[in-house]
Amino acid sequence: YLLQAIVYKAPYDNPVSLKFSHQLSKIRVKLEGDKANDVSKVSIESYTTCVHTNGTMNSSENNDEIRMYRVDNTNIYEANVVPGKKIEKFKVNNGDWVKLSNPVTPVAGSYHEITITVNLQTTDIDLSSGNATISEDGNYRITGNNSGKGLEINIPGSDWGTVLRSTIVLDNTTLESINMAETGYAGAAYVTFIIKGDVTVSKGIIAKCGGEIRIEG
């Protein structure tokens, strides 16, 4: 870390008051979204080293990945960085680099907060237009308000032991029921429901033929 205090025309025969100021900048990343809790690593790209002369920062050309510090098991990550070097990219866990829609140029002695939404890549289904059916593995997002309509989760194929594995985000939706009905012999559905916002399923979830239901807030 680097602090600097400057006193002009300091007397040699009296005490000198030193007022230090921060020479680095802090970047704070807040994670939101369905999968924020699944993130264990956040990185940004900036200068990884710097040098100084008498507390005055000199630029560096060592541009690389900086792994951020997680704050007290929250979804907040922080890193001290060299000011003036624009932060343009980030990545979560070991994924690909993603460009920020609004790059940040750090200023010495300041902190800059970036909010990143981490969601599943989903197929969106709007229940407002009627009943919906899911019969393939994948990630889905259910929206729309229609208390008279429901969601059918059908197990594909007809082979013994056929299963369906899906993650379904119920996003501020109202529906009548979720019917997990097999279409083959003894198939099973393994489904994780992620509840987002206000969700009402008036007649509940009807499960058949084994499988597993997991509900996450």
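The structure under discussion appears in the preceding block.
Definitions and cut-offs
Residues numbered from 1 in each chain as written. Predicted model: local features only at pLDDT ≥ 70, side-chain atom pairs only at ≥ 80, totals over all residues. Heavy atoms only, no water. Helix = DSSP H or I, 4+ residues; strand = E, 2+ residues; numbered from the N terminus. Rg over C-alpha atoms; globule rule 2.2 N^0.38 Å. Buried < 20%, exposed > 50% of the residue type's maximum accessible area, 1.4 Å probe, protein only. Contact = heavy atoms within 4.5 Å. Areas by Shrake-Rupley, 256 points an atom, 1.4 Å probe, with all protein chains shown as cover. Lys, Arg positive; Asp, Glu negative; His and termini not counted. Charge placed at Lys NZ, Arg CZ, Asp CG, Glu CD. Pairing = 2+ DSSP bridges. Axes fitted to C-alpha atoms, helices over the stretch in contact; angles between N-to-C directions. Salt bridge = Lys/Arg side-chain N within 4 Å of Asp/Glu carboxyl O. Core = buried A, V, L, I, M, F, W, Y, C linked by side-chain atoms within 4.5 Å. Phe/Tyr/Trp six-rings, centres within 6.5 Å; stacked < 30°, edge-to-face > 60°. Lys NZ or Arg CZ within 6 Å of the ring centre and 35° of its normal.

Each helix and strand counted, the chain has zero helices and 23 strands in total. For the chain, whose C-alpha radius of gyration is 26 Å, the value lies well above the compact-globule estimate of 17 Å for 217 residues. The dimensions of the chain, computed from C-alpha atoms along their principal axes, are 90 × 30 × 30 Å. Buried positions account for 36% of the 217 residues belonging to the chain. Within the chain, contacts between residues at least 6 apart in sequence are counted, and of these 61% link residues at least 24 apart. Summing over all exposed atoms, the chain offers an accessible surface of approximately 12,800 Å²; the carbon and sulfur share of this is 44%. For the chain, the distance from the average position of its 21 positive side-chain charges to the average position of its 25 negative side-chain charges is 6 Å.

The pairing of strands in a sheet comes from backbone hydrogen bonds and takes either a parallel or an antiparallel form. Reading across the sheet, the five strands line up as E13-E15-E17-E20-E23 and stay open at both edges, with parallel pairing between neighbours. Strands at the two margins of the open sheet, each flanked by one partner only, are strand E13 (123-126) and strand E23 (212-216). The average angle at which neighbouring strand axes cross in this sheet is 20°, direction not considered. Here strand E17 (residues 163-171) pairs with strand E20 (residues 188-196) via nine bridges, running parallel. What sits directly across from Asp171, in E20, is Lys196.

Let us now look at the sheet that holds strand E12 (residues 111-117). Spatial ordering of the open sheet is given by E8-E9-E3-E12, a layout of four strands whose pairing is mixed. The two strands at the open ends of the sheet, each matched to only one other strand, are strand E8 (69-70) and E12. Taken together, the seven bridges between strand E3 (residues 25-32) and E12 define a ladder with parallel strand orientation. Each residue of the ladder has a partner; that of Lys30, found in E12, is Thr115.

Here we take up the pattern of salt bridges. Summed over all chains, the structure comprises twelve salt bridges. Residue Asp38 pairs with Lys35 through a salt bridge whose shortest N-O separation is 2.5 Å. Residue Glu65 is joined to Lys41 by a salt bridge in which the shortest nitrogen-to-oxygen separation is 3.6 Å. Placement of Glu65 in strand E7 (residues 63-67) and of Lys41 in the loop between E3 and strand E4 (42-47) is noted, with a sequence separation of 24 residues between them. Given the relative accessible area of 28%, Glu65 is considered partly exposed.

The next point concerns the nonpolar core. By size, the foremost hydrophobic cluster in this structure holds 19 residues, and its most contacted members are Ile27, Val29, Leu31, Ile44 and Met68. For this core, the secondary-structure elements that each account for two or more residues are E3, E4, strand E9 (76-81), strand E10 (87-92), strand E11 (98-104) and E12. Apart from the residues lying within four places of it in its own chain, the contact partners of Leu31 are Ala36, Val39, Val42, Asn75, Tyr77, Ile116 and Val118. Counting residues in each nonpolar core, the second largest holds 17 residues, with Tyr140, Leu151, Leu164 and Phe193 among its members.

Mapping Gln23 onto the fold places it in the loop between strand E2 (21-22) and E3. Not counting residues up to four positions away in its chain, the partners in contact with Gln23 are Leu2, Leu3, Gln4, Gly55, Met57, Pro83 and Ala108.

According to the stated counting rule, one finds zero aromatic pairs in the structure shown. The cationic tip of Arg28 hangs over the ring face of Tyr111; the distance from NZ or CZ to the ring centre is 4.4 Å. Note that Arg165 overlies the ring of Tyr190, its terminal NZ or CZ placed 4.6 Å from the centroid.

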